[in-house]
Structures are given as structure tokens and as C-alpha cells.
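# Inside the fold
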Amino acid sequence: MIPDYLEEVLGNVASDATGELAGYIPELAAVDPERLGAVFATVDGHVYSAGDVDAEFTIQSISKPFVYALALADSGFDAVLGKVGVEPSGEAFNQISLEEGTGRPFNPMINAGAITVHSLVRSEQLAPDERVARVVRGLSAFAGRPLGVDEAVCASEMENAHRNLAIAHMLRSHDILTEDPRIVVDGYIRQCSVLVTTRDLAMMAATLANRGVNPLTGEQVVAERVVRQVLSVLSTCGMYDAAGDWATQVGIPAKSGVSGGLIGALPGQIGVATFSPRLDSHGNSVRGVSLFERFSTDMGLHVM
Ligand code: DON
């Protein structure tokens, strides 16, 4: 039943060729734009899928809520909230905007916040490569399988990282970052280059929906309190400057990435993930947004 429904909804959006690939990372502009997939992963471990759900792509900004969870778990709420706020900025993901006076990024989902959050992943002060390893291990625990890094996409983004470097230097000038901005941006871009499938993303979302416990491995990846914080921030900041439209039209805590992935987490119910690479003007997947609108309407998933 559910696979038939997913096939039908995918068929309805398949012919929509509007939107553009993410051109600012050359390797991302070279992907097959026709890829399309959707997965539901329930909190009791059932997985339903349709389309290209095992094709790998880089996680990009969908890493941000999960690395925020790791930073909260590692450094504690006070340390993280002291450096990164929880207010929606209503701006684009790569806006160079910091709180007046303090230089604190408004939230962990815009790049300024996510770059800072990356620097806060540590049990004790970790060397940069150990920190990246901890991030990859943490993302893998959310997905329930070992994940790798796409070196070509990583190198391609590093060569074009002027804007993120500018943001990181601003953060360093305000002492929000306390180490070499180039090293933090390098780690953040490796974090964005972790390879996932649509199925992985659904499991990661289902782990959030399941109070931090991966429904397949049974591992408690982060504490329930951390998950509550992440879902709250996703509700208000997950879709950047489209957050208001998303809240009213879809109403599911969600996160998008410029490679075309989109996740939503419904506490106590399911994790949902879609993949389609062409993006709208906000950097959100065009067909992914359409799919979520359908899922929300058809199944009454609107919770916000
Ligand atoms: O920081 C960047 O530019 C990317 N690596 C990630 C951006 C992203 O996915 C934004 N989401 N829509």
C-alpha cells in the first residue's frame, strides 16, 4: 500500500523540471538532475521507499541539525547557546549576518551558526582531523551504517569557499571562533561532503523522531533533551527564508540541503526523506518541497 502510494506521488511530480542545480559547487552542478526518490522510516523500524533511494549524494546542510546535536552532547547546552542563538534569521543560508555587538550567529542552521557549531564538536579539545572523524562517526550512528566522504565534492567546494571563509573570519574577529578559521571551514566542508542515500536520510530523521534512538540499531545516539532542542530549531529555522511558507504549507520540522535532499521528522511517528537535485531560489529542492506538500496533505502530517 505505502510503496504504491509513494510511486504514485513520485509519478505526479516527476515531470516538473523547474529549478536549477547548485552551481556554486562545480561538482554538484554535474549530477544527474532527474534523480528522484522518497523514503518513509517509521520509529518501529519499517522502511518504505520508491525511486532512486540507494543513490549516494553529499549530505550538505542536512548535516547541520545532526552536528548541532553532537555539539550539544559534547560541549553542553550553555557552551553552545553562548555562541549560537536559536532565533530564525529569515535570511538566506549563506548570509553574512551576525548579532549586533556580540557577533553571535542567529541560529545553527545558517552557515555562520553551522560553522561555529562544527568547532564545538569535541569531548575534550580535539585535533581538527579527530573532530571530523567524530562528526563522520556521529552522522553514521544517526544513519545506522558507516558513512564516507566524497573527496571530489569536498575539494570542489573548498576551492570555491570564499564566502564561508569570509563568514569564518568574521566569527574569529568576534572570538566566536577561537581557532584558525580556515581549519574550521575545512572541517565544516568535509562534514557537508559526507555521502548518504535517501534511505540513510530517512533513518537519520527517524532517529530524531524516535527520541534519539536509531530504530534499526537501537543505539541511543544523543539524549532526548538534545533531540527536543534540535527539532525546535528545525521548526523555526530549518528552511531558512522559506520557513514561514514551509510552516504553513507543510508544517513538519525539516531540513534541506543544496545537493537536493530534504528530511522531515514527526516525533513519535516517522522520518521522511526525499531526493531531487533541482533547487528553488531558497536553495530547497523543487520536487522535494512538492512531495512534502503532498505527504502532509494526504496523511495529515501537519504538526506545526
Ligand atoms: O555551506 C555551504 O555552502 C554548503 N556546503 C551547504 C549549504 C546547504 O546545503 C544549504 N542548504 N540548502
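All figures in this text were calculated on a predicted structure; none of them were measured in a lab. (Residues numbered from 1 in each chain as written. Predicted model: local features only at pLDDT ≥ 70, side-chain atom pairs only at ≥ 80, totals over all residues.)

### Some thoughts on the domain arrangement of the protein chain
By the assigned domains, the protein chain splits into domain 1 (2–60 + 195–299) and domain 2 (62–192). Using only C-alpha atoms to locate each centre, domain 1 and domain 2 end up separated by 21 Å. Contact residues are listed per partner, giving 39 residues for domain 1 and 32 residues for domain 2. Secondary-structure elements contributing two or more residues to the side of domain 1 that touches domain 2 are strand S4 (195–196), helix H9 (198–209), helix H10 (224–237) and strand S6 (261–266). A per-element tally of the side of domain 1 that touches domain 2 places H10 first, with eight residues. In terms of residue class, the side of domain 1 that touches domain 2 is built from 23 nonpolar, 11 polar and five charged. (Domains from an automatic or database assignment. Contact = placed C-beta atoms within 7 Å. Helix = DSSP H or I, 4+ residues; strand = E, 2+ residues; numbered from the N terminus. Nonpolar A, V, L, I, M, F, W, Y, C, P; charged D, E, K, R; others polar.)

### Considering the pairing of strand S1 (residues 37–42)
By the criterion of burial, S1 is predominantly enclosed, with five of the six residues buried. Of the pairings in the sheet, the one linking S1 to strand S2 (residues 47–51) comprises five bridges and is antiparallel in character. When the sheet's bridge partners are listed, Ala41 is paired in S2 with Val47. Counted between consecutive antiparallel strands, the loop separating S1 from S2 contains four residues, among which Gly45 sits at a positive phi close to 95°. Examined bridge by bridge, S1 and strand S7 (residues 270–275) share six bridges and lie antiparallel to one another. Bridging across to S7, Val39 finds its partner in Ala273. (Buried ≥ 20, exposed ≤ 12 C-beta atoms within 10 Å, placed from the backbone. Pairing = 2+ DSSP bridges.)

### Looking at the packing of helix H5 (residues 128–143) against helix H8 (residues 181–192)
At their nearest, the axes of H5 and H8 sit 10 Å apart, and the two run at 25° to each other. Taken together, H5 and H8 sit at an angle that is classed as roughly parallel. Crossing hand, H5 versus H8: right-handed. Within the contact between the two elements, H5 uses Pro128, Arg131, Val132 and Val135 and H8 uses Ile183, Gly187, Arg190 and Gln191. Looking at the contact of H5 with H8 residue by residue, the classes come out as four nonpolar, two polar and two charged. (Axes fitted to C-alpha atoms, helices over the stretch in contact; angles between N-to-C directions. Parallel < 35°, antiparallel > 145°, perpendicular 65-115°, else oblique. Left-handed = near helix turned anticlockwise from the far one by under 90°.)

### Quick word on the nonpolar core
Formed by 95 residues in total, the largest nonpolar core has its most connected members in Ala69, Ala71, Ile115, Ala202, Ala205, Ala254 and Ile263. Per-domain counts for this core show at least three residues from each of domain 1 (2–60 + 195–299) and domain 2 (62–192). Ignoring anything within four residues of it in the chain, the contact list for Ala69 reads Val222, Val226, Val227 and Val230. (Core = buried A, V, L, I, M, F, W, Y, C linked by C-beta atoms within 7 Å.)

### A closer look at helix H4 (residues 111–119)
For H4, the tally of buried residues reaches nine of nine residues, placing the bulk of the element in the interior. Taken residue by residue, H4 has Asn111, Ala112, Gly113, Ala114, Ile115, Thr116, Val117, His118 and Ser119 as its buried positions. Against helix H2 (63–75), helix H3 (77–83), helix H7 (162–173) and H8 lie the buried residues of H4.

### Brief notes about the sheet that holds S2
The strands making up a sheet associate through hydrogen bonds between their backbones, and the pairing can be parallel or antiparallel. In space, the five strands of this open sheet follow the order S2-S1-S7-S6-S5, with antiparallel pairing throughout. Strands with a single pairing partner mark the edges of an open sheet, and in this sheet they are S2 and strand S5 (254–256). Adjacent strand axes in the sheet meet at a mean angle of 10°, parallel and antiparallel pairs treated alike. The strands touched by helix H12 (residues 286–299) are S1, S5, S6 and S7; relative to S7, the strand with the most contacts, the crossing angle is about 145°.

### Description of the UniProt feature "binding site: substrate" (unreviewed entry) in the protein chain
Residues given the UniProt feature "binding site: substrate" (unreviewed entry) here are Ser61, Asn111, Glu157, Asn164, Tyr188, Tyr240 and Val258. Here Ser61 is to be found in the loop between strand S3 (57–58) and H2. Ignoring any residue separated from it by four or fewer positions in sequence, one finds Ser61 in contact with Phe93, Lys255, Ser256, Gly257 and Val258. Setting aside residues up to four positions removed in sequence, Asn111 forms contacts with Phe93, Asn94, Asn164 and Ile167. (UniProt positions renumbered as here; feature names shortened; annotations may be inferred.)

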